[in-house]
Amino acid sequence: MSAAVREKTYEDICAEVGRFYARHVQLMDEGRAEEAADTFTEEASMVSPPKISTPIVGRAALAAGLRANADQLAADGIRYRRCYSTILVEVRDDGSVFARSYVQVIRTERDKGSYLHAMCVCEDVLVRTDGELKVAERVAIRDDDSI
Amino acid sequence: MSAAVREKTYEDICAEVGRFYARHVQLMDEGRAEEAADTFTEEASMVSPPKISTPIVGRAALAAGLRANADQLAADGIRYRRCYSTILVEVRDDGSVFARSYVQVIRTERDKGSYLHAMCVCEDVLVRTDGELKVAERVAIRDDDSI
Amino acid sequence: MSAAVREKTYEDICAEVGRFYARHVQLMDEGRAEEAADTFTEEASMVSPPKISTPIVGRAALAAGLRANADQLAADGIRYRRCYSTILVEVRDDGSVFARSYVQVIRTERDKGSYLHAMCVCEDVLVRTDGELKVAERVAIRDDDSI
């Protein structure tokens, strides 16, 4: 039995999820909108109230939204970093992965330094497409919007 | 040799520790006091000065304290999130695990947004009970209380 | 095939990188300058503008800088914690590891509490020396210095 073909353990999947988020988040935060959109499934949905209270559905719509957002932030001299931690990973019977993460959103504005913009919880359903995890459903909730 | 029965490697134990904290912390932060108490051993002790300077000992006492705390926070419209990172994991000869983590405690208050409440270091001894890691001893120290 | 000798998988390397940073960062933050310097290679270089805009080269120079810095912080009653998250890990053909991390630098000052001092991205090339990962090259960039 080679390491390559042994069945994925829960530990392997956790590492894979960590890898997914690191790449996904860095693409999102750096305005690489088209590559970031490709980390969602074709039919993915995302909701993140209050800013996005009607779900965005489909990779094309997500890509357009990410591109517009990235261009606006670049023009305004603003950078967000989403610091993921405390990622709870559950593997479901259908092979999809439910991941629930704490996300500290740090905002940096030119000449104004960096500060905590929002504390969020991100709930994702990740599915494997052509061997790679992608976001199929995302619900991101701000703590200051939910207590 | 199947993946299921191979001996746990250090990497496996790190993944298990990450999994433990994600679940444990989310239960703690969301006021699920009885389930959170079950992530401590029967004889567990916890100390976290200055708020908890006399150790709380035993799962029953911990459960009572967690319940009272959760009820108070819910009444006050306050949410804490403990963002664990930089977790140092050491496996001891007796099979217990020493974990030393950085913990950014983020406080969100209704109508007041989210901010960094405290920077802490959490030192835990984790032991395996019925196959699951649980906290046997916790010492949490705030940086602003220790410099 | 024993667990000990199977070839390292990507997942194993991610766990190893996580372990490296946890130890490395805690040594750095706690002013254990000589041990921290030993987590860099003999020829390591580090640049972190604007504070360190000319690269520091070599473990001896790094050790001296870390020691001076640690002594100053201790005298001033200041503690920094570098909270690493969202670590992107790439294994290169030559066996070195490129790691790109989000780093929230939290500053605690006596009688002044804790706050976010800087949001940084840390890009490291890690190489294996005598079986252990060490930093060969570090570039750390503050977001408020790069937008």
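Here the structure is shown first, and the text comes after it.
Residues numbered from 1 in each chain as written. Chains lettered and ligands numbered in written order. Predicted model: local features only at pLDDT ≥ 70, side-chain atom pairs only at ≥ 80, totals over all residues. Heavy atoms only, no water.

I'd like a description of unusual backbone geometry, backed by residues and values.
Cis geometry is adopted by the peptide bond preceding Pro-50 of chain A, which originates at Pro-49 of chain A and carries an omega value of 5°. Along the chain, Pro-50 of chain A turns up in the loop between strand 1 (40-48) and strand 2 (52-57). In this structure, Asp-130 of chain A takes a positive phi of about 50° despite not being glycine. In this fold, Asp-130 of chain A is placed in the loop between strand 5 (113-129) and strand 6 (132-142). Judged by relative accessible area, which is 78%, Asp-130 of chain A ranks as exposed. A positive phi angle is found at Asp-111 of chain C, which is not glycine, with a value near 70°. By secondary structure assignment, the location of Asp-111 of chain C is in the loop between strand 4 (97-109) and strand 5 (113-129). On the accessibility criterion, Asp-111 of chain C (78% relative accessible area) is exposed. (Helix = DSSP H or I, 4+ residues; strand = E, 2+ residues; numbered from the N terminus. Buried < 20%, exposed > 50% of the residue type's maximum accessible area, 1.4 Å probe, protein only.)

Lay out the sheet that holds strand 1 (residues 40-48) of chain C with the relevant residues and their values.
Residue and element names in this part refer to chain C. Taken together, the six strands give an open sheet; going across it, the order is 2-1-6-5-4-3, and neighbouring strands pair in mixed fashion. The open sheet has two edge strands, strand 2 (52-57) and strand 3 (78-91), and neither has a second partner. With strand direction ignored, the average angle separating the axes of adjacent strands in the sheet is 20°. Here strand 1 pairs with strand 6 (residues 132-142) via four bridges, running parallel. Looking at strand 6, one finds that Met-46 is bridged to Arg-138. Relative to strand 1, helix 3 (residues 59-76) is tilted by about 55°, and along the sheet it contacts strand 1, strand 2, strand 3 and strand 6. (Pairing = 2+ DSSP bridges. Axes fitted to C-alpha atoms, helices over the stretch in contact; angles between N-to-C directions. Contact = heavy atoms within 4.5 Å.)

Describe the relation of the copies chain A and chain B, and please don't skip the residues or the numbers.
You can overlay chain A on chain B at an RMSD of 0.0 Å; the transform is a turn of 120° with a shift of 0.0 Å along its axis. Here the symmetry operator amounts to a three-fold rotation axis. Relative to the rotation axis, the closest C-alpha in chain A is found at Ser-85 of chain A, a distance of 3.8 Å. The share of interface residues of chain A whose copies in chain B are also at the interface is only 20%, consistent with the copies meeting through different surfaces. (Least-squares fit on C-alpha atoms with pLDDT ≥ 70 in both.)

Now, about the interface of chain C and chain B: what can you tell me, with residues and values included?
Each side of the interface is counted separately: chain C has 29 residues, and chain B has 20 residues. The contact between chain C and chain B buries some 2,100 Å² in all, and 58% of this surface belongs to carbon and sulfur atoms. Looking at the side of chain C facing chain B, the largest losses of area belong to Arg-19, Gln-26 and Arg-81 of chain C, adding up to 26% of the total buried there. Mapped onto the side of chain C that touches chain B, the elements with two or more residues apiece are helix 1 (10-29), strand 3, strand 4 and strand 5 of chain C. (Buried area = accessible area lost by both parts, 1.4 Å probe.)

If you had to explain the relation of the copies chain C and chain B to someone new, which residues and values would you point to?
In the superposition of chain C on chain B (RMSD 0.0 Å, axial shift 0.0 Å), the rotation amounts to 120°. Different-surface contact between copies: only 14% of interface residues of chain C are shared with the interface of chain B.

Give a description of empty space enclosed by the protein that names residues and reports values.
Under the defined criterion, the tally for this structure stands at two cavities of 30 Å³ or more. Mapped by element, the contributors of at least two residues to the lining of the largest cavity are helix 1 (10-29) and strand 3 (78-91) of chain A, helix 1 (10-29) and strand 3 (78-91) of chain B together with helix 1 and strand 3 of chain C. Across the lining of the largest cavity, the residue classes break down as 27 nonpolar, ten polar and twelve charged. Taken as a whole, the second largest cavity encloses approximately 40 Å³ of empty space. (1 Å grid on protein atoms, 1.4 Å probe; cavity = no way out; pocket = protein on both sides within 12 Å on 5 of 7 lines; lining within 4 Å. Points joined across faces, edges and corners; volume = space filled by probe spheres on them. Nonpolar A, V, L, I, M, F, W, Y, C, P; charged D, E, K, R; others polar.)

Break down the pairing of strand 2 of chain A for me, with residues and values.
All names here are of chain A. In terms of residue burial, strand 2 counts as a barely covered element, since only zero of its six residues are buried. The pairing of strand 1 with strand 2 spans three bridges and is classified as antiparallel. Its bridge partner being in strand 2, Ser-48 is matched across the sheet by Ile-52. In textbook terms, the turn of a hairpin is the stretch between consecutive antiparallel strands, and for strand 1 and strand 2 this stretch comprises three residues.

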